[in-house]
Amino acid sequence: MTAPLKSIEGSSIAGAMADIGLRGKAAARQLALSPAAQRDAALTAMAKSIRASEAGILAANAEDVAEAKASGATAAFMDRLTLTPKIVAAMADGIDVVRKLADPVGAVTESWTRPNGMIIERVRVPLGMVGVIYESRPNVTADAAVLCLKAGNAVILRGGSESFRSARAIHAALVEGLRAADLPEDAIQLVPTRDRAAVGMMLAGLDGAIDVIVPRGGKGLVARVQAEARVPVFAHLEGVVHVYVDKAADLAMAKEIVLNAKMRRTGVCGAAETLLVDRAAAPTMLKPLVTMLIDAGCEVRGDADVQKADTRVTAASQEDWPAEYLDAIIAAKVVDGVDAAIAHIEHYGSHHTDAIVTADPKAADKFLSEVDSAIVLHNASTQFADGGEFGFGAEIGIATGRMHARGPVGVEQLTTFKYRIRGTGQIRP
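Residues numbered from 1 in each chain as written. Predicted model: local features only at pLDDT ≥ 70, side-chain atom pairs only at ≥ 80, totals over all residues. Heavy atoms only, no water.

Undergrad: I keep staring at the overall build of the chain and nothing clicks. Help me out?
TA: Looking only at helices and strands, one finds 14 helices and 16 strands in the chain. The C-alpha radius of gyration computed for the chain amounts to 23 Å, which stays within 12% of the reference 22 Å derived for 429 residues, consistent with globular compactness. C-alpha extents for the chain along the principal axes are approximately 70 × 65 × 35 Å. In the structure as shown, the chain presents an accessible area of about 18200 Å², 54% of it carried by carbon and sulfur atoms. Side-chain charges in the chain split into 46 positive and 51 negative, and the spacing between the mean points of these groups amounts to 5 Å. (Helix = DSSP H or I, 4+ residues; strand = E, 2+ residues; numbered from the N terminus. Rg over C-alpha atoms; globule rule 2.2 N^0.38 Å. Areas by Shrake-Rupley, 256 points an atom, 1.4 Å probe, with all protein chains shown as cover. Lys, Arg positive; Asp, Glu negative; His and termini not counted. Charge placed at Lys NZ, Arg CZ, Asp CG, Glu CD.)

Laid out in structure tokens, this is it:
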């Protein structure tokens, strides 16, 4: 393993960050020109190193978890922070999946011949150096690093202060993989400080070293990144996720999907935060759905109709409809059909992930075409809003903007393109 990173503090931060930028930029150039086989060899070695380092990674995480508990962290926060042997194994397995993906670098996405005989090709190329700023989820360290590497990019990682030790342990294992494949260790750098000043320096671009910023965290982090960034941003806004149960839904299916969407993991961005039930379905479906959620330990905050379904429902306020709880809480409302559901989602949603449960193909098609979210689902849990579940191996985040990347950000989204033109001596008249 590599030697422990030394934390930098005070006036030394600016110098250290400038050095990180310079070294990262040089590494990005090397990676962009590296053969796919060499990058894949690094990924193979990284997966092996993660598995071999499981004990050290879990020990570092245990220290982070103990510190977070002592500081009074919420249950949802602890869920995001805590690593287990299963999660570490999934981290390594995800690296193997990314390695097996087709190399995006150099892929010709379109080609055409002009009347003068010139052949024009649009070719995928790396973005350059990616800055990833994330909070409490330490496995993002591996996910972000390996996706960037596969796409030929260098990356600077700035994890949350609460997961500082975990991120260092994971980073050390990844660097072992780079070394084994004779790739520059600076291709994956971890900011070695908890000081938030480092975030501001990354948002300023590190003197042109950073080509794009990817924030992955809460509303406060994303808002700061969008307000201060001097470089392009792949925005990952909050997940105000809805499940709409249509009048033509199968109740058994609806119960299974709603319970999974909300309660499988409440702290992930794909967790359902609002349940919408068609008024025509309410007489037979509302009470079973609400009672199921409450019995599973979920607090339900509902409108007047939902409150009548179960005396344990508390009244929803206006603040509940746009809320991202990331906890065992859900807002619930009865709406007048699919059009009202779509209108509610458009008004209160965050364009992240939304689902409809119905056996009516026309209602499903209307929902899928008119809900303006990065991910829309029919008869499936919103917890599938995950790059791994899309076959991407991993993801850096779910982009909710409309420029360049949208939905799970995988290897293809971490490339841009250039035009390659082949001529035979043509000149412009």
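Undergrad: Quick question: what am I supposed to make of helix α11 (residues 282-295) here?
TA: Because an α-helix packs 3.6 residues into every turn, residues spaced three or four apart end up facing the same way. Helix length check: α11, at 14 residues, gives a terminal C-alpha distance of 19 Å against a target of 20 Å (1.5 Å per residue), a fit within 8%. Every buried residue belonging to α11 is among A282, M285, L286, L289, V290, T291, M292, L293 and I294, and all of these are buried. The inward-facing, buried residues of α11 abut β7 (241-245), α10 (251-263), β8 (272-278), β9 (299-302), α12 (304-309) and β11 (329-335). Residue G297 follows α11 closely and has a positive phi angle near 95°. (Expected span 1.5 Å × (residues − 1). Buried < 20%, exposed > 50% of the residue type's maximum accessible area, 1.4 Å probe, protein only. Contact = heavy atoms within 4.5 Å.)

Undergrad: Explain the sheet that holds strand β12 (residues 353-357) here, please?
TA: Strand order in the open sheet made by the seven strands is β10-β9-β11-β8-β7-β12-β13, with parallel pairing throughout. The two strands at the open ends of the sheet, each matched to only one other strand, are β10 (314-315) and β13 (375-378). Across the sheet, helix α13 (residues 337-348) is in contact with β7, β8, β11 and β12; its angle to β7 comes to roughly 175°. (Pairing = 2+ DSSP bridges. Axes fitted to C-alpha atoms, helices over the stretch in contact; angles between N-to-C directions.)

Undergrad: Help me understand the sheet that holds strand β1 (residues 108-113), please; the structure alone is not making it clear to me.
TA: Each strand in a sheet pairs with another by means of backbone hydrogen bonds, the pair being arranged parallel or else antiparallel. With respect to topology, three strands assemble into an open sheet ordered β1-β2-β16, the strand pairing being antiparallel. Here the strands that pair on one side only, and so sit at the sheet edges, are β1 and β16 (415-422). Strand after strand, the sheet turns through a mean of 20° between neighbouring axes, direction not considered. Pairing of strand β2 (residues 119-126) with β16 involves eight bridges; the strand directions are antiparallel. Considered in β16, the bridge of R122 is made with Y419.

Undergrad: Whenever I open this one, the environment of A355 confuses me. Can you help?
TA: Here A355 shows up in strand β12. The class of A355 is buried, set by a relative accessible area of 0%. Expressed as a C-alpha distance, the spacing of A355 and T382, which sit 27 residues apart in the sequence, is 6.4 Å.

Undergrad: Is there a simple way to explain the side chain of D143 in this structure?
TA: Secondary-structure assignment places D143 in helix α6 (residues 140-150). For the buried D143, no salt bridge is present, and the opposite-charge side chain at shortest range is R216, 4.8 Å distant. When residues no more than four places from it in sequence are discounted, the contact partners of D143 are A394 and E395. (Salt bridge = Lys/Arg side-chain N within 4 Å of Asp/Glu carboxyl O.)

Undergrad: Help me out: how do you make sense of unusual backbone geometry in this one?
TA: Phi is positive for D182, which is not a glycine, with a value near 60°. Within the secondary structure, D182 is located in the loop between α7 (164-180) and β5 (188-190). Judged by its relative accessible area of 66%, D182 is exposed.

Undergrad: Can you help me understand the packing of aromatic side chains in this one?
TA: The geometry of an aromatic ring pair is captured by the separation of the ring centres together with the interplanar angle, meaning the angle of the planes. This model, assessed by the stated rule, comprises four aromatic pairs. Here the aromatic rings of Y244 and F367 are separated by 6.4 Å at their centres, their planes lie at 10°, and the arrangement is stacked. Placement of Y244 in strand β7 and of F367 in helix α14 (residues 361-370) is noted, with a sequence separation of 123 residues between them. What makes Y244 buried here is its relative accessible area of 0%. Classification of F367 by relative accessible area gives buried; the value is 0%. (Phe/Tyr/Trp six-rings, centres within 6.5 Å; stacked < 30°, edge-to-face > 60°.)

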